[in-house]
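Inside the fold
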Amino acid sequence: MGLHAELLEQDDPRIGREVIRVRRVEELRLHEYERLYSLPGVYEQIVQERLECTSPAKVASLLAAAVDAARWARADVRVIDVAAGNGISGEALAAEGLTAVLGTDIVPAAREAALRDRPELYNEYLILHLHALTAEQARRLRSLRANALTCVAPVGDDASQVPV
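Criteria and thresholds
- Residues numbered from 1 in each chain as written.
- Predicted model: local features only at pLDDT ≥ 70, side-chain atom pairs only at ≥ 80, totals over all residues.
- Heavy atoms only, no water.
- Pairing = 2+ DSSP bridges.
- Helix = DSSP H or I, 4+ residues; strand = E, 2+ residues; numbered from the N terminus.
- Axes fitted to C-alpha atoms, helices over the stretch in contact; angles between N-to-C directions.
- Phe/Tyr/Trp six-rings, centres within 6.5 Å; stacked < 30°, edge-to-face > 60°.
- Buried < 20%, exposed > 50% of the residue type's maximum accessible area, 1.4 Å probe, protein only.
- Contact = heavy atoms within 4.5 Å.

Let us look at the sheet that holds strand E3 (residues 78-82). Overall, parallel pairing links the 4 strands, which are arranged E5-E4-E3-E6 in an open sheet. A single partner strand is all that each edge strand has here, and the edge strands are strand E5 (124-127) and strand E6 (148-151). The mean angle between the axes of side-by-side strands here comes to 20°, regardless of whether they run parallel or antiparallel. Two strands pair when backbone bridges link them, and strand E4 (residues 99-105) and E5 are joined in this way by 4 bridges, in the parallel orientation. Its bridge partner being in E5, Leu 102 is matched across the sheet by Glu 124.

Attention now moves to the packing of aromatic side chains. Using the criterion set out here, one finds 3 aromatic pairs in the structure. Ring geometry for Tyr 33 and Tyr 37: centres 5.3 Å apart, planes at 20°, overall stacked. Of this pair, Tyr 33 and Tyr 37 both sit in helix H1 (residues 33-37), 4 residues apart, which is roughly one turn of that helix. Of the residues examined, Tyr 33 reaches a relative accessible area of 22% and is grouped as partly exposed. Seen in terms of ring centroids, Tyr 37 and Tyr 43 are 5.6 Å apart; in terms of plane orientation they differ by 50°. Their pairing is tilted. Tyr 43 sits in the buried class, given a relative accessible area of 10%.

Mapped onto the elements of the fold, Leu 144 is located in the loop between helix H6 (135-143) and E6. Taking relative accessible area as the criterion, Leu 144 reaches 6% and is therefore assigned buried. A C-alpha to C-alpha distance of 9.5 Å links Leu 144 and Glu 124, two positions 20 residues apart in sequence. Each residue touching Leu 144, except ones within four places of it in the same chain, is listed here: Arg 78, Val 101, Leu 102 and Glu 124.

Here the focus is the pairing of E4. Summarising burial for E4: 6 of the 7 residues are buried, a large majority. Where E3 and E4 come together, 4 bridges link them in parallel fashion. Counterpart to Val 79 in the pairing with E4 is Ala 100.

Following this line, the structure appears as structure tokens:
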């Protein structure tokens, strides 16, 4: 990690009025989620914008189409969003009129980022391993009465753009 500092031009040249802008320069890997999610907006800039990830919107759209084909009311769909990360997939579900009753992930920083960046999105967000649920976690999941499940991976339209 490094710092970049610059003295900004200013209208008032008096001593003590100088303005210095300091920027932190940090390198990390895409799947260093603990660090990545601690930087608000960085995941979105890289994965959604730069890599043009469309999978959250596509999965939400496909689920909405299946719900419509089944003649269910979208408002009645209660989704468990597995590997929810910072909530981008849940946001896509909400845009389609579907309710993400639960976000789950194994990375605590994902939950923190989702609650920080999208605080009203999920009814609940749990850190858990679905293959090793405690009895209490299993009871909690059943009590949500979910009727749909999503698990979205960050990919774009072109498989050659998949982050590795």
